[in-house]
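One letter stands for each residue in the lines below.
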Amino acid sequence: MAEKKRPPSNLIYLLIAALIFAALYTTVFTPNQKREAEEVEITAIQNLYKEGQVKRLEFEGNTVRAELKNGTVKKATKSDGDSANDLGFDRPDLVPLEIKDTTGQAFWAELALSIIPFLLIVGLLFLMMRSVSANNRTALSFGMSRAKEFDKNKSNKVTFADVAGSEAAKDELTEIVDFLKEPKKYLKMGAKIPRGVLLFGPPGTGKTLMARAVAGEADVPFFSISGSEFVEMFVGVGASRVRDLFAKARKNSPCIVFIDEIDAVGRHRGTGLGGGHDEREQTLNQILSEMDGFEKDTNVIVVAATNRPDVLDPALLRPGRFDRRVVIDNPDLKDRLEILKVHVREKPLDKQVNLDTVAKHTPGFSGADLENLLNEAAIRAAKEGKKLIDQKDLDQSIEKVLLGPEKRNKIMTEREIEITAHHEVGHAITGHFMKHTDPVHKISIVSRGMALGVTWFLPERDAVLISKEKFEDELVSLMGGRVAEEIIYGPEAVTTGASNDMEKATKIARNMVTKYGMSPLGPITFGEHHGNPFLGKDLLHEKTYSESTSQQIDREVSNILEKAFKIAHEVLAKHKKTLMKIAKDLIKKEALSREEFESYFKDPKAAMA
Ligand code: ADP
Ligand code: MG
Ligand code: ZN
């Protein structure tokens, strides 16, 4: 959004404070004697002087002030030109005489005191008027595009070098840069300049960054607006903003128009439930007709970004519109390392920090997540008064980002701690004995977020495909927590601590049956069919299978879960002693690392003890 010209409210407060201060100053801080002095004739003072009652005299301009020995103060006005001697005050050795030549100063002080409040009031009025007229202006310019323009000469120019990884996307976009730089080369070949590029990928993967980098590389202006800005209170505003935006862009060609989060306007038309979709439709139509209206050689490229390509209106994706699609996915191990390197540039790092490990421990993190992670680490280091960010800061930040902040002061009874420990070790041991699960990275009974404890499995490499065996083994270790509770405390004593596990397990099992065809029902997906578009695409899901199939699916899901439960039971019954031993140590230490955990299984004595 373009900034509104509102007078900063701080300034108003400052003015009010200054006013109050000025008022206080005039009343309170005016020297006391000045107010208390009794006005008398000059002769009265002369008499007092002769009687020796005057302690001190002060001349200030034509004012004579006499401080008497009894503490009172009298003042009188002498005539111009009379000196102390003329008036008979001739014993400065007995009565100290001070002549303040402050005529000028007093004048300025008085003037300032009387004028400052006036100026302040005028200033205040002025600011108020300005804010009113600024509001009027925004009201009138409602239909204008609020696109932010990034000047190509600006110092914060972004180039491909600032976008780590995403090599494939960069390759595709290099072509766009080339179009912007040398359109003639392509026009001569009879090629049409592409009009729209759609970037899509999960949030935080650097789509916005990439779009700016394209503009930076091509050295052209960049107009950016977010889809949600088109959708305003008043009908018709979106469309008129689009018109204005494209008019501006044409004037500045070659340039890039960037529409962020285009799904806000570009949703499937006719699917809006709950009103407001007419407006969206008009806005979308306007975008489409503007893009169609480009001359063959108009060198304006519209880049749009979304993380919901599935909901976009097909009309947007037609040739001649956003026909170029560039996928920007979550970074893989190599790219994560690159991104980390970009963002540690301005951070003081300990020499021993190993960014490789950090990259390894953060599968599924987006670029924005990684940036956030490094920021968390920097905050931790600063909080602890360190000079450099070390590995521990990074590790702790990963945990915080992944699992939520630790809640050390959450009060758990001793029995709750004990149950939690057995539960978590149950997950870990079952996971350990299954072939296809990821290794245990850490077990902890410090509660975080909603969880009382956590067993953290960490993949050694990013998984691309997940096998049926892996799902089955994961289910076993998900069951491990509940099963451990049962084995130690008996089936009646199981707690609610496993509800989240059950939910996850059920979801995996259900997907295995209905999505991946990994059940005896065969290689078939039981999809959910999106309903009538006029009833809202996202709201209505319609089953595509019959009631009896539905029962079969339920039966298969529960078969899968039961099998996992049985295996978990076998494993933990066999290793009950180890379970108890590790749980006991876990209660003492609160957390066990991978090495500590695995040591129970390497040394047979430790396991048996
Ligand atoms: P998106 O628009 O895809 O949601 P952004 O472009 O807003 O994501 O990215 C958010 C921030 O994450 C960026 O400002 C940048 O600091 C960081 N980031 C994301 N991806 C990368 C990357 N590939 N290289 C460097 N920084 C990245
Ligand atoms: Mg973005
Ligand atoms: Zn659990």
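**A look at the overall build of the protein chain**
(1) Moving on: A count of helical and extended segments in the protein chain gives 22 helices and 16 strands.
(2) Moving on: Counting over 609 residues, the protein chain shows a buried share of 41%.
(3) Moving on: Considering only contacts in the protein chain between residues 6 or more positions apart, those separated by 24 or more positions represent 75%.
(4) Moving on: Accessible area for the protein chain stands at about 34100 Å²; split by element, carbon and sulfur atoms hold 55% of it.

**What to know about the packing of aromatic side chains**
(1) Moving on: Across all of its chains, the model carries seven aromatic pairs by this definition.
(2) Moving on: Where Phe59 meets Phe89, the ring centres are 6.0 Å apart and the plane angle is 85 degrees; that geometry is what we call edge-to-face. Here Phe59 is found in strand S2 (residues 54-60), whereas its partner Phe89 is found in the loop between strand S4 (73-77) and strand S5 (97-100), with 30 residues between them in sequence. Residue Phe59 shares its accessibility class with Phe89, and that shared class is buried.

**A word on the coordination of the zinc ion (ligand 3)**
(1) Moving on: Within the first shell, the zinc ion (ligand 3) binds the protein through His423 (NE2), His427 (NE2) and Asp501 (OD), at distances of 2.0 to 2.1 Å.
(2) Moving on: Along the chain, the residues donating to the zinc ion (ligand 3) are arranged with the sequence spacing H-x3-H-x73-D. With His427 in helix H16 (residues 414-433) and Asp501 in helix H18 (residues 499-514), this pair connects stretches of sequence that are 74 residues apart. Across the pair, Asp501 and His427 agree in class, each one buried.

**A look at a nonpolar patch on the surface**
(1) Moving on: Among the surface-exposed residues, Phe107, Trp108, Leu111, Ile115, Phe118, Leu119 and Val122 lie close enough to one another that they form a single nonpolar patch of about 720 Å² accessible area.
(2) Moving on: Tracing the backbone through its elements, the reader meets Trp108 in helix H4 (residues 103-140).
(3) Moving on: The exposure class assigned to Trp108 is exposed, which follows from its relative accessible area of 55%.

**Thoughts on the site of ligand 1**
(1) Moving on: Around ligand 1, the surrounding shell holds 15 residues, and the nearest of these are Ala164, Gly204, Lys207, Thr208 and Glu371.
(2) Moving on: One nitrogen or oxygen atom from the side chain of Thr208 is found 2.6 Å from an oxygen atom belonging to ligand 1.
(3) Moving on: Coverage of ligand 1 by the protein amounts to 81% of the 560 Å² it exposes when considered alone.
(4) Moving on: Only helix H7 (207-218), helix H12 (333-343) and helix H14 (367-383) provide two or more residues apiece to the shell around ligand 1.

**Structural notes on the nonpolar core**
(1) Moving on: Membership of the largest hydrophobic core comes to 39 residues, with the highest contact counts inside it found for Ile429 and Leu475.
(2) Moving on: For this core, the elements supplying multiple residues, two or more each, are H16, strand S12 (440-444), helix H17 (468-489), H18, helix H19 (547-574), helix H20 (576-589) and helix H21 (594-602).
(3) Moving on: With sequence-adjacent residues up to four places away left out, Leu475 is seen in contact with Ala505, Ile508, Ala509, Met512, Ile560, Leu561 and Ala564.
(4) Moving on: Of all hydrophobic cores here, the second largest spans 28 residues; its members include Ala213, Ala218, Ile301 and Val303.

**Structural notes on the sheet that holds strand S13 (residues 454-457)**
(1) Moving on: If you trace the three strands from one edge of the open sheet to the other, you get S13-S12-S16, paired in antiparallel fashion. Each having just a single partner strand, S13 and strand S16 (591-593) make up the two edges of the open sheet. For this sheet, the mean angle separating the axes of adjacent strands, direction not counted, is 10 degrees.
(2) Moving on: Packing against the sheet, H20 makes contact with S12 and S16, and its axis sits at approximately 110 degrees to S16.

Analysis parameters
Residues numbered from 1 in each chain as written. Chains lettered and ligands numbered in written order. Predicted model: local features only at pLDDT ≥ 70, side-chain atom pairs only at ≥ 80, totals over all residues. Heavy atoms only, no water. Helix = DSSP H or I, 4+ residues; strand = E, 2+ residues; numbered from the N terminus. Buried < 20%, exposed > 50% of the residue type's maximum accessible area, 1.4 Å probe, protein only. Contact = heavy atoms within 4.5 Å. Areas by Shrake-Rupley, 256 points an atom, 1.4 Å probe, with all protein chains shown as cover. Phe/Tyr/Trp six-rings, centres within 6.5 Å; stacked < 30°, edge-to-face > 60°. Donors = N, O, S within 2.8 Å, 3.2 Å for Na, K, Ca; no water. Patch = residues over 30% accessible without salt bridge, like charges linked within 9 Å, V, L, I, M, F, W, Y side chains within 5 Å. Salt bridge = Lys/Arg side-chain N within 4 Å of Asp/Glu carboxyl O. Near = heavy atom within 4 Å. Polar contact = N/O pair within 3.5 Å; in protein donor to acceptor, adjacent residues only side chain to side chain. Core = buried A, V, L, I, M, F, W, Y, C linked by side-chain atoms within 4.5 Å. Pairing = 2+ DSSP bridges. Axes fitted to C-alpha atoms, helices over the stretch in contact; angles between N-to-C directions.

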